[in-house]
Amino acid sequence: MPQVTLVEAVNMALARAMEDDPSVVVLGEDVGINGGVFRATVGLQQRFGAQRVLDTPLAELLISGVCVGMATQGLRPVGEIQFMGFIYPCIDQLVNHASRLRNRTQGRLSCPMVLRVPHGGGIRAPEHHSESAEAMLAHIPGLRVVIPSSPERAYGLLLAAIRDPDPVVFLEPTRIYRTAKSEVEDNGEALPLDVAFVLREGRDVTLISWGAMVKETLGAAEALDAEGISAEVIDLATLKPYDEETLLGSVTKTGRCVVVHEAARTGGFGAEIAAFVAERGLTSLLAPIARVTGYDTVIPLPRLEQHYIPSVGRIVAAGRKACQFT
Amino acid sequence: MTDSGPATEQLPVIARFEVRYRNYLAPDGSVNRQLPAFASDTGLLVALYRAMVLVRTFDLKAVALQRTGRLGTYAVSLGQEAASVGVASAMREEDVLLPSYRDNAALIWRGVGLDEILLFWGGDERGNHFSGPIQDFPFCIPVGSQAPHAAGVAYAFKLRKEPRVAVCLFGDGATSKGDVFEAMNFAGVHKLPVVFVVTNNQWAISVPLRLQTASETLAQKAIAAGFTGEQVDGNDVVAMRAAAEDAIDAARKGQGPRFIEAVTYRLGDHTTADDAARYRPADEVQARWKDEPIARLRSYLAGRNAWDKAKEEQLITECQTKIETAVERYLATGPRAPETMFDHLYAILPKAYAAQREDIKGGD
């Protein structure tokens, strides 16, 4: 089996979904002949035609709104937003329409759409490209928010998102688009949504993360292991709705919880996880819950962004501190 | 003197555009120009008339219910019934309507129950699970945000080669929003089977059209999107029906989108939560009553001996009976069980929210 990158796995999943289901339509800026700014849609237009893989005008609100209309007609639109910094015009459509059309009409209309959005910083991109706005999206009732951290999960979760009967925002970690490589079998098998993945088992501390930060989190687990600390690593994968049982099971076992994310700390999704663990797992906690996150600043331009994105060292320090707490 | 070449007026003109205006019936019911073919069907004109009277009568009742605490905020159609009715009457059952919140008349024409409309404005989502065409959209409250949906619906029709048309209604304020232009622009590029109708009632709550746009017409906004925009006397239901028929027909034949500006006037308040007297002079409103659509069609029909006082009285009685029945049904509909607020959030409620559903069931 060939090794594929995460972005290639996205492409494989899109091609597979389009092959299997004629109602799947891909739309966005430059997704056609250019194959997308990150090449996630490369070859799709040649293969499936310009009607099913369409270059939209440069209008993000339109992309999300057209997806809503298509979805009510039984199409399975997969819209692409080029960078997360450009998702904000879509918020009205996601909050007021995509996420609540089923509820507004008591099930008469529904919205099985996917909005794919490259997520996060660390690729030396220009201003307004490097956002991690997942918490804002995860606050929206009726929506699913999914983010893979490996090529296998990109493939399996994207297939699941496209087949899901409800709207999904599918975030794609740009920092590991091309660095994460693994064997992915193009077998059309989806992975479950709403389920967290335990990537590494451990006894002493639970490290919870998602997207590109899973890489540093796994690195931190290695480093902690060398210090004699056994860390369990959980890739949350679906942020909304998240897998409470897996989180609680792990924290109950280890007694310590560190949440790692790239987004700013205040109101970040780590706050939700911390609140949940405090509410439901307080009696098993042996140390305060820790958050290792981006700072409460705007993500800096490339010259400073490496200082913003949590490092392996910061995660190791948090894990160590939790284990030393008495 | 600067050397910038010839004076601007000497440069060649590379494009010219025009906007046409459609009207058949004058405010007094007299005929201005040859009527469209369908107008020879008196039965159809009477049906349009009855639909307009029904919604006006219904509005009165709805406002009375709101004033007595039995209905939530409600938007009346007063003065602009012809636009909604004319457009809806030109649609086929299998077309898809994407209405704004003031398009009661269009929904009623398409078979939505009066009790269902009351249920929605009475604060119950079940009103949107209505008995009109199953793919029609519910009232859209965030202004103009349904326009991209219309483009998406029309794209699906085109992709599947279905001879269906999406019809999107919104108000003059909506034309200031990017949503509407983005949708029109996309529809133009792909020659989608969609008809956009702006009901230009001159006021977006308290903001008059002159503060909304410096455009001479709203119809011309279609020109920038690459298709035809027509201005129509929105108080002339014959003109509205004819314009909509032409536009829907063209869209169905694959000739691409059309845009209709229905020029009318909002004789009522924005909603029951509004008091237009705060910003709008009474004499302006008074002066516009002479243009309203119902008296106009009644005069025309009466002139053709197709309507008289007895018929009018009978119609009012029929409307009132229909409305009373709907009101009774609405008032007899109890609230949903609280936990049902979870039931259509997702196709299947995620496990993570099951406990919350149980919580609410337990009450406080």
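Residues numbered from 1 in each chain as written. Chains lettered and ligands numbered in written order. Predicted model: local features only at pLDDT ≥ 70, side-chain atom pairs only at ≥ 80, totals over all residues.

Chemist: Would you take a moment to explain the overall build of chain B for this structure?
Modeler: Along its length, chain B carries 13 helices and 8 strands. Computed over the C-alpha atoms, the radius of gyration of chain B is 22 Å, within 12% of the 21 Å expected from 2.2 N^0.38 for a compact globule of 364 residues. C-alpha atoms of chain B, sized along the principal axes, occupy 80 × 60 × 45 Å. Here chain B holds 364 residues, and 46% of them are scored as buried. For chain B, long-range pairs separated by at least 24 residues make up 74% of all intrachain contacts whose partners lie at least 6 apart in sequence. (Helix = DSSP H or I, 4+ residues; strand = E, 2+ residues; numbered from the N terminus. Rg over C-alpha atoms; globule rule 2.2 N^0.38 Å. Buried ≥ 20, exposed ≤ 12 C-beta atoms within 10 Å, placed from the backbone. Contact = placed C-beta atoms within 7 Å.)

Chemist: How should the overall build of chain A be read in this particular structure?
Modeler: Each helix and strand in chain A was counted, giving 12 helices and 14 strands. Relative to the 2.2 N^0.38 estimate, which gives 20 Å for 326 residues, the radius of gyration of chain A is 19 Å and therefore close to what a compact globule would have. In terms of principal-axis extent, the alpha carbons of chain A reach across some 60 × 40 × 40 Å.

Chemist: What exactly am I supposed to notice about the nonpolar core here?
Modeler: Core analysis: the largest hydrophobic core is formed by 207 residues, its most contacted members being V258 of chain A together with A151, A166, V167, C168, V194 and V195 of chain B. Setting aside residues up to four positions removed in sequence, C168 of chain B forms contacts with L98, Q146, A147, A150, V194, F196 and V197 of chain B. (Core = buried A, V, L, I, M, F, W, Y, C linked by C-beta atoms within 7 Å.)

Chemist: Would you take a moment to explain the sheet that holds strand β2 (residues 96-98) of chain B for this structure?
Modeler: Hydrogen bonds along the backbone pair up the strands of a sheet, which may run parallel or antiparallel. Residue and element names in this part refer to chain B. The sheet built from 6 strands is open, its strands ordered β1-β7-β8-β4-β3-β2 with parallel pairing. The open sheet terminates on both sides in strands that have one partner only, identified here as β1 (20-22) and β2. Across the sheet, the mean angle from the axis of one strand to that of its neighbour is 20°, orientation sign disregarded. Bridge analysis of strand β7 (residues 229-233) against strand β8 (residues 258-263) gives 5 bridges, and the strand direction is parallel. Within the sheet, the bridge partner assigned to D233 lies in β8 and is V263. Across the sheet, helix α5 (residues 147-159) is in contact with β2, β3 (166-171) and β4 (194-200); its angle to β3 comes to roughly 170°. (Pairing = 2+ DSSP bridges. Axes fitted to C-alpha atoms, helices over the stretch in contact; angles between N-to-C directions.)

Chemist: In this structure, what is going on with the interface of chain B and chain A? I would like to understand it.
Modeler: By a widespread convention, an interface's size corresponds to the accessible area lost as its parts come together. Across the contact, 33 residues belong to chain B and 35 residues belong to chain A. Listed by contribution, the elements that provide at least two residues to the side of chain B that touches chain A are α5 and α6 (178-190) of chain B. When residues of the side of chain B that touches chain A are assigned to their parent elements, the largest contribution, 9 residues, is made by α5 of chain B. Across the side of chain B that touches chain A, the residue classes tally to 19 nonpolar, 9 polar and 5 charged. (Nonpolar A, V, L, I, M, F, W, Y, C, P; charged D, E, K, R; others polar.)

Chemist: What is the right way to look at helix α1 (residues 6-20) of chain A in this model?
Modeler: One turn of the α-helix equals 3.6 residues, which is why residues spaced by three or four share an orientation. All names here are of chain A. Under the 1.5 Å per step criterion, the end-to-end length of α1 is 21 Å for 15 residues, consistent within 8% with the ideal 21 Å. Across the 15 residues of α1, 12 count as buried, placing the element largely inside the fold. All buried positions along α1 are accounted for by L6, V7, E8, A9, V10, N11, M12, A13, L14, R16, A17 and M18. Residues of α1 that are buried sit in contact with β1 (3-5), β2 (24-28), α2 (44-48), β4 (76-80), α7 (151-163) and β7 (168-173). (Expected span 1.5 Å × (residues − 1).)

Chemist: For this particular structure, what's the right way to read the sheet that holds strand β9 (residues 197-200) of chain A?
Modeler: Residues and elements named next belong to chain A. Taking strand neighbours across the sheet as the criterion, the 5 strands line up as β9-β11-β10-β13-β14 in an open arrangement whose pairing is mixed. Looking at strand neighbours, the two that pair on one side only are β9 and β14 (290-294), the edges of this open sheet. Taken over all neighbouring pairs, the strand axes of this sheet differ in orientation by 25° on average, direction set aside. As paired strands, strand β10 (residues 205-209) and strand β13 (residues 257-264) are joined by 3 bridges and run parallel to one another. Note that in β13 the partner of T206 across the bridge is C257.

Chemist: How do you make sense of the domain arrangement of chain B when you look at a structure like this?
Modeler: Segmenting chain B into domains produces domain 1 (14-333) and domain 2 (338-364). Taken over C-alpha atoms, the centre of domain 1 of chain B sits 37 Å from the centre of domain 2 of chain B. (Domains from an automatic or database assignment.)

Chemist: In this structure, what is going on with helix α13 (residues 354-362) of chain B? I would like to understand it.
Modeler: Judged by how many residues are buried, α13 of chain B sits mostly at the surface: 0 of 9 residues are covered. Phi for G363 of chain B, located one or two positions after α13 of chain B, is positive at around 70°.

Chemist: Where do I start with the environment of N103 of chain A in this structure?
Modeler: Mapped onto the elements, N103 of chain A comes out in helix α5 (residues 101-104). Of the residues examined, N103 of chain A has 19 C-beta atoms within 10 Å and is grouped as partly exposed. Considered as a pair, N103 of chain A and D21 of chain A are 82 residues apart in the sequence and their alpha carbons are 26 Å apart. Excluding anything up to four places from it in sequence, N103 of chain A contacts G142 of chain A together with E125, H344 and L345 of chain B.

Chemist: I would appreciate a short explanation of the domain arrangement of chain A in the present structure.
Modeler: Residues and elements named next belong to chain A. Here the domain parsing of chain A yields domain 1 (3-183) and domain 2 (197-324). With 25 residues of domain 1 at the interface, the matching set in domain 2 holds 22 residues. Broken down by secondary-structure element, the contributors of at least two residues to the side of domain 1 that touches domain 2 are α6 (134-138), β6 (144-146), α7 and β7. Tallied by class, the residues present in the side of domain 1 that touches domain 2 amount to 11 nonpolar, 7 polar and 7 charged.

Chemist: Explain the environment of A161 of chain A here, please?
Modeler: All names here are of chain A. Tracing the chain through its elements places A161 in helix α7. For the pair A161 and A190, spaced 29 residues apart in sequence, the C-alpha separation works out to 8.6 Å. Dropping the residues within four chain positions of it, A161 is found in contact with V114, V146, V168, F170 and L193.

Chemist: Just checking my understanding: could you explain the pairing of β4 of chain A for this structure?
Modeler: For a regular strand, the rule is simple: side chains alternate between the two faces of the sheet. All names here are of chain A. Across the 5 residues of β4, 5 count as buried, placing the element largely inside the fold. Residues of β4 alternate between two faces, with R76, V78 and E80 on one and P77 and G79 on the opposite face, all of them buried. Of the pairings in the sheet, the one linking β2 to β4 comprises 5 bridges and is parallel in character. Bridge pairing in β4 places V25 opposite P77. Here 3 bridges tie β4 to strand β5 (residues 114-119), and the two strands are oriented parallel to one another. Residue pairing across strands places V78 opposite V114, the latter belonging to β5.

Chemist: Explanation requested: the packing of α1 of chain A against α7 of chain A in the structure shown.
Modeler: Two measures define how a pair of helices packs: the angle their axes make with one another and the distance between the axes. Residues and elements named next belong to chain A. Where α1 contacts α7, the two axes come as close as 8 Å, and the packing angle between them is 30°. With respect to each other, α1 and α7 are oriented roughly parallel. Here the hand of the crossing between α1 and α7 comes out right-handed. Contacts between α1 and α7 involve L6, A9, V10, M12, A13, R16 and A17 from the former and P151, A154, Y155, L158, L159 and I162 from the latter. (Parallel < 35°, antiparallel > 145°, perpendicular 65-115°, else oblique. Left-handed = near helix turned anticlockwise from the far one by under 90°.)

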